[in-house]
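# Structural overview for review
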Amino acid sequence: MDSRLKTLLCTTSALVGFSLVPQIANADPVSASIIISSAISAAGTAIASGGFAAILTTATLKTFAFYTASGFALNALAPKPTMPNFNGLGSSTGNTTSQGTASTGGYSISGVASAADHQIIYGQTRVGGVVVFKDVTDSNKFLHVVYAMAGHECEEISKIYLNNEELTIDNSTNMVTAPSKYNGKIRVKIHLGDQTTGDTDLVTESNKWTADHKLRNVTYLYLRYEFDADAFPNGEPNLTALIKGKKVFNPNTSTTAWSDNTALCLRDYLISSYGLGIPTADIDDTAFGTAFTVCDQDVSLAASLGGGTQKRYTTNGAFTTNASPRAILEKITSCMAGFIWYSQGQWRCKAGSYVSPAVTFTEDDLRSPLNIKTRGSRRDNFNVVRGKFRGEETNFQVTDFPEIRSSTFLTVDNNEENIIDLELPFVNTSAMAQRIAKIALFKNRQQIQVSATFGMKALQVQVGDVIQLTNSRLGFSAKTFEVQSWTFQPDMQQGLVINLELKEISSSVFDWDAEESEFESDNTTLLDPTDVPSVGISATSELRVINEKVSQVITITITASTADALRVDLVEVEFKKSSESDFKIVGTGELGIYEVFDVEDDTYNIRARAINSLGVKGNFNTITKNIAGQGVPPDDVANFDAIVSGDNIVLGWDAIAALDLSFYSIRFASETSGATWANATTDTEKVPRPATTYTVPARSGTYMIRAYDKTAVASQNFTSAVAIPTTSLTQFSNTATQTESTSFSGTKTNCSVVNSALRITDVSDSSDPILNEGTYIFSSDIDIGSTKLVRAEIIANTIRLDAGGTNFDDIGGGSTLFDALTGLFDDLSGAGSQQKDSDIQFFIEPSTTGSFTDTYQRFRAGFFTGRYFRFKIVLSSTSTNATPLISQLRAEVKYN
């Protein structure tokens, strides 16, 4: 090093590296940072080439030291424009500077370049590489590709990705086993830069790669792809890898090993040939060892961040060798919110932490008046810190960390936001980025700056030290300041003096561990083209009249959050009955409402998945929906009455409004009180809607009505009306009667008499549909002496009998479970029963000659012409073990 420069630097201490360099929005481009930027960029170039003396002057260093140290976040007041990177290799920031130098990011994707820069990796990060070799062999069956990942030896390549999918590799065969599409199609060889010969497999299989192709001190991956159109539909996939990078020297242990400790990474960059090439003798390993200890401290994380601890400061990132030394020094030093400077012939650094005061200065130590700046420029103050980081929690994509905002500082600044953008590309967690941003925010508001000349006592301190200053006139009592610059110079009157630039500091600046409630701790998730969000599903059902037909409709609503909706191009909706195996497609379209028509009551599985703009389909989200709209019974019939009209009765009622109403059913019992639905007989099976009246032959007894929907679900209860039409009927003077009860001696088919009552003998039929029947023909005909017009009627008293076993579920007749029966427990065949599974039909055959041909007519009551009359009844049951039980049965013929 030039002797004059060395003399200068031995007497002048200044920050020639970085003191946390964000960018301030709307900053004045004409500022001291331009001087700093030019000086340090030139200095970096000169140091690397050995021509350093002509670049730095005393004035330049002093100016640089003042603005860098005092501002702590002022070095980027003049943001530099960027432009896209056209070299075919994406960087982690995706830009180059306007001067054509690379940004501080490494390669985020792999690509081919004829003369690419080396990639340097500190800590652990995910990067792409430079394709340095390609060859095809075996008649284009195999493609051999060599990816140079780093221009130095690395610790480990732990994960390899193709098109963002992690590979599983068999360590014994080096063959990929997962994802399944790559199984047996790819061979992977890892070389960490310590290799001494060319890859043996590649040498064997390619005549263009020899044992002398060693790529020494280059970490590289060799992949052999076997042609398969299904595995590689878009051609050669893009490769990235998660790599633990360079091994670095630790002055505390005198060992070289991998570490992401920021102080060790910074030291390595200073001494490396691709960095500043500083001789190790010019490195203050004591200072770097102290910074290492600070960076290595464990910091507790908030429970919202998963708890546990992390190291205070780490560096995890990559850059290329054409990046300017200034930019790299800034970004690495920013990872520890610290300083780097040259003093007394050596490079030193300090990690962002509070240290105990080294010395206390009083008025007695001053050699000049104190120059005080109580507040920084309004332009230099900020109250909100935003910025970006890159790490595993963002899939190694550059993204915003949660901003740091101070309501107190906003109030001081009249609620005018002043925002800085703090770029931390080598910081890999949002919690660490927040800690560093908080230090920048709080340190910026420690604004009192003091400059003065001190006596020889100041030889005890150096840049980065914390001192205490006591001054009674200013009210300083052991007030703490951090040394920003230190200059040793002779004075003609006072001898040797030291000029110090001081800025107030407090321990609270470094206390926060990302747990303060006023700072947000959640993170932004970057969009991943292979990650498709799930969608929400809800479903309802209703009955609608469509083209004069009642249809049950399932309405399916597909939703997504506002953030997820941006990632959804289409949705695919399917459904099926739970009992079925295959889904049916409802539709494919946008988020919103989908409908399924004409569905039955059942349990359905409904599922949907999102499809993004690349056609990648997400996972199905499935719900189960029980649809029972058709099973909801109609309302009970209201205002039912029976009006006698001559020999007829007009039944009337209010219309039921249900859309799926199908018909009304009318039953009759001869009792005028206590009649029940189950113990009646069918008068009219179906009266179609929309009828509200119906005329039946007049009979004395109780008429009952219930409404039924299109699936034969009945209203809960029957409605009854009593009719006693005796006086209104056509009057006859004579009545002939044939009584069959209680002996029931007529002709029986599948009928029998039990306890003086007639019933079906065998009610065991369980076929679908169930139908048990018995026939009874009266024992005698009625002869009225001559052919006449008569009014005939059969009178029967019946109840529904459960003829089954002793189990509860037999009470319902086998087809209806006990738990589903309506009515009271003690009255399942009595007044409360709503069953309609037993019935009696009446038949008559008139004759004028006494000869019968078994041509019976079904009737309820009515007028017939004849002399002789034969009667028959048919007992029926539509449930296993249920039968009508007839206790009274007679026929009447009235005539004049």
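Thresholds, definitions, all that
- Along each chain, numbering runs from 1 in the same order as the chain's sequence is written.
- Local features in a predicted model are, by the rule used here, given only for residues with pLDDT of at least 70; side-chain atom pairs are given and counted only at 80 or more, and totals for whole chains, interfaces and linings are based on all residues.
- As a rule here, side-chain values come from all non-hydrogen atoms in the structure, and water together with hydrogens is ignored.
- Helix and strand labels come from DSSP, where a helix needs a run of H or I of at least four residues and a strand needs a run of E of at least two; each type is numbered from the N terminus.
- The cut-offs for exposure are 20% and 50% of the maximum accessible area for each residue type, with area from a 1.4 Å probe on protein chains only; residues under the lower value are buried, those over the upper are exposed, and the others partly exposed.
- Any two residues having at least one pair of non-hydrogen atoms within 4.5 Å are treated as being in contact.
- Computed with the Shrake-Rupley method and a 1.4 Å probe, the accessible areas treat only the protein chains shown as cover for residues.
- Criterion used throughout: strands pair if DSSP finds at least two bridges between them.
- Side-chain atoms within 4.5 Å link the members of a nonpolar core, which is a set of buried Ala, Val, Leu, Ile, Met, Phe, Trp, Tyr and Cys residues.
- Every axis in this analysis is a line fitted to C-alpha atoms, fitted for helices over the stretch in contact. Angles between the N-to-C directions lie between 0 and 180 degrees.
- Roughly parallel covers angles under 35 degrees, roughly antiparallel covers those over 145, roughly perpendicular covers 65 to 115, and oblique covers all other angles.
- Two helices cross in a left-handed way if the nearer one is turned anticlockwise from the farther one by less than a right angle. They cross in a right-handed way if the turn is clockwise.
- In this classification, Asp, Glu, Lys and Arg are treated as charged, Ala, Val, Leu, Ile, Met, Phe, Trp, Tyr, Cys and Pro as nonpolar, and every other residue, Gly included, as polar.
- Excluding any residue in a salt bridge, patches collect residues exceeding 30% relative accessible area, merging like charges within 9 Å and nonpolar Val, Leu, Ile, Met, Phe, Trp and Tyr side chains within 5 Å.
- By definition here, a salt bridge exists when the distance from a side-chain nitrogen of Lys or Arg to a carboxyl oxygen of Asp or Glu is within 4 Å.
- Note on ring pairs: Phe, Tyr and Trp rings are taken, using the six-membered ring of Trp, and paired if centres are within 6.5 Å. Classes follow the plane angle, with under 30 degrees stacked, over 60 edge-to-face and the rest tilted.
- For a Lys NZ or an Arg CZ to count as sitting over a ring, it must be within 6 Å of the ring centre and within 35 degrees of the ring normal.
- Polar contacts, as counted here, are pairs of nitrogen or oxygen atoms within 3.5 Å of one another; within protein the pair requires one atom able to donate a hydrogen and one able to accept it, and residues that are adjacent in sequence qualify only if both atoms are side-chain atoms.
- The pLDDT value tells you how sure the predictor is about a given residue, anywhere from 0 up to 100.

## Some words on the overall build of the protein chain
- The helix and strand tally for the protein chain stands at ten helices and 56 strands.
- For the protein chain, buried positions account for 51% of its 896 residues.
- In the protein chain, 68% of the contacts between residues at least 6 apart in sequence involve partners at least 24 apart.
- Summed over its atoms, the accessible surface of the protein chain is roughly 38900 Å², and 48% of this surface lies on carbon and sulfur atoms.

## Quick notes on the pairing of strand β21 (residues 339-343)
- β21 sits mainly inside the fold: five of its five residues count as buried.
- Along β21, one buried face is formed by Phe339, Trp341 and Ser343 and the opposite face, lined by Ile340 and Tyr342, is buried too.
- Bridge count for β21 against strand β22 (residues 346-350) is five bridges, and the pairing is antiparallel. Residue Phe339 lies in a different strand from β22, and its bridge partner there is Lys350.

## Comments concerning the nonpolar core
- Residues Tyr122, Leu270 and Tyr313 are the most contacted members of the largest nonpolar core, which totals 53 residues.
- Apart from residues no more than four positions distant in its own chain, Leu270 is found in contact with Leu276, Gly277, Ile278, Ile283, Phe288, Leu329, Ile340 and Trp347.
- Ranked by size, the runner-up nonpolar core spans 28 residues in total, among them Ile782, Ile844, Leu889 and Val893.

## Description of the sheet that holds strand β14 (residues 186-192)
- The sheet built from five strands is open, its strands ordered β5-β8-β9-β15-β14 with mixed pairing. A strand with exactly one partner marks an edge of an open sheet, and here the two such strands are β5 (111-112) and β14.
- Sheet analysis places strand β9 (residues 142-150) next to strand β15 (residues 219-226), joined by eight bridges and oriented antiparallel. Along β15, the bridge assignment pairs Tyr147 with Leu221.

## Here we look at the packing of helix α5 (residues 262-271) against helix α7 (residues 325-334)
- In contact at an axis separation of 10 Å, α5 and α7 are set at 165° when each is read in the N-to-C sense. Judged by the inter-axis angle, α5 sits roughly antiparallel to α7. The handedness of the crossing between α5 and α7 is left-handed. Contacts between α5 and α7 pair Thr262, Leu266, Tyr269 and Leu270 from the former with Pro325, Ile328, Leu329, Ile332 and Thr333 from the latter.
- Broken down by class, the residue content of the contact of α5 with α7 amounts to seven nonpolar, two polar and no charged.

## Considerations on the pairing of strand β32 (residues 495-504)
- Of all ten residues that make up β32, eight are buried, and the element is covered over most of its length.
- Here strand β29 (residues 449-454) pairs with β32 via six bridges, running antiparallel. Residue pairing in the sheet places Thr453 in a bridge with Asn499 of β32.
- Pairing of strand β31 (residues 476-491) with β32 involves ten bridges; the strand directions are antiparallel. Following the sheet pairing, Thr487 is matched in β32 by Asn499.

## Considerations on unusual backbone geometry
- Between Ala178 and the following residue, Pro179, the backbone shows a cis peptide bond with an omega angle of -5°.
- Assignment of secondary structure puts Pro179 in the loop between β13 (176-178) and β14.
- Omega for the peptide link from Arg689 to Pro690 comes to 10°, which places this bond in the cis form.
- With respect to the secondary-structure elements, Pro690 resides in the loop between β43 (681-688) and β44 (693-697).
- You will see that Asn755, though not glycine, has its phi angle at about 55°, which is positive.

## Some details on a nonpolar patch on the surface
- Judged by side-chain polarity, Met456, Leu459 and Leu496 come together as a nonpolar surface patch covering roughly 240 Å² of accessible area.
- For Leu496, the location among the structural elements is in strand β32.

## Considering the sheet that holds strand β40 (residues 641-645)
- Sheet architecture is open: three strands sit in the order β40-β41-β44, paired in antiparallel fashion. Only two strands of the sheet have a single neighbouring strand rather than two, namely β40 and β44. Sheet twist, expressed as the mean angle between neighbouring strand axes with direction ignored, is 25°.
- Bridge count between β40 and strand β41 (residues 648-652): five bridges; the pairing is antiparallel. Pairing of Val644 across the sheet is with Ile649, part of β41.

## Focus: the packing of aromatic side chains
- Going through the model one piece at a time under the given rule, you end up with 25 aromatic pairs.
- Judged by centre distance (4.9 Å) and plane angle (55°), the rings of Phe668 and Tyr703 are tilted. Linking Phe668 in strand β42 (residues 661-669) with Tyr703 in strand β45 (residues 701-709), this pair joins segments that are 35 residues apart in sequence. Tyr703 carries the same exposure label as Phe668, and that label is buried.
- Taken together through their ring pairs, the aromatic side chains of Phe744, Tyr776, Phe778, Phe859, Phe864 and Phe871 make up a single cluster.
- A cation sits over an aromatic face here: Lys479 above Phe481, 5.8 Å from the ring centre.
- Note that Lys872 overlies the ring of Phe843, its terminal NZ or CZ placed 4.9 Å from the centroid.

## Describing the environment of Arg860
- Among the structural elements, Arg860 can be located in the loop between β54 (857-858) and β55 (861-877).
- Spatially, the C-alpha atom of Arg860 lies 9.6 Å from that of Thr684, the residues being 176 residues apart in sequence.
- Apart from the residues within four sequence positions on either side, Arg860 is in contact with Asp683, Thr684, Val696, Pro697, Arg699, Glu793 and Ile794.
- Within the structure, Arg860 has its side chain in polar contact with the side chain of Asp683 (distance 2.8 Å).
- There is a polar contact of 3.0 Å between the side chain of Arg860 and the side chain of Thr684.

## Structural notes on the packing of α5 against helix α6 (residues 285-295)
- Contact geometry of α5 with α6 gives a least axis separation of 7 Å together with a crossing angle of 145°. For the pair α5 and α6, contact is made by Thr262, Ala263, Leu264, Leu266, Arg267 and Leu270 and by Asp285, Phe288, Ala291, Phe292 and Cys295, respectively.
- Its residues assigned to classes, the contact of α5 with α6 comprises eight nonpolar, one polar and two charged.

## Considerations on the confidence of the model for the protein chain
- When pLDDT is averaged along the protein chain, the result is 82; 82% of the residues meet or exceed 70.
- Low pLDDT, under 50, characterises residues 93-102; the stretch is placed with 24 contacts to residues that sit more than four places away or in other chains.
- Within the model, pLDDT remains below 50 along residues 513-526, and this stretch shows 36 contacts once partners closer than five positions in the same chain are excluded.

## Here we look at α7
- The element α7 is largely enclosed, with a buried count of ten among its ten residues.
- Along α7, the residues that are buried comprise Pro325, Arg326, Ala327, Ile328, Leu329, Glu330, Lys331, Ile332, Thr333 and Ser334.

## A look at the pattern of salt bridges
- As enumerated under the stated definition, the model contains 42 salt bridges in all.
- With its nearest N and O atoms 3.7 Å apart, the salt bridge here joins Asp296 to Lys311. You can see Asp296 sitting in the loop between α6 and β18 (298-300) and its partner Lys311 sitting in strand β19 (residues 309-311), a full 15 residues away along the chain.
- Each of Arg386, Glu403, Arg405 and Glu417 takes part in a single network of salt bridges with overlapping partners.

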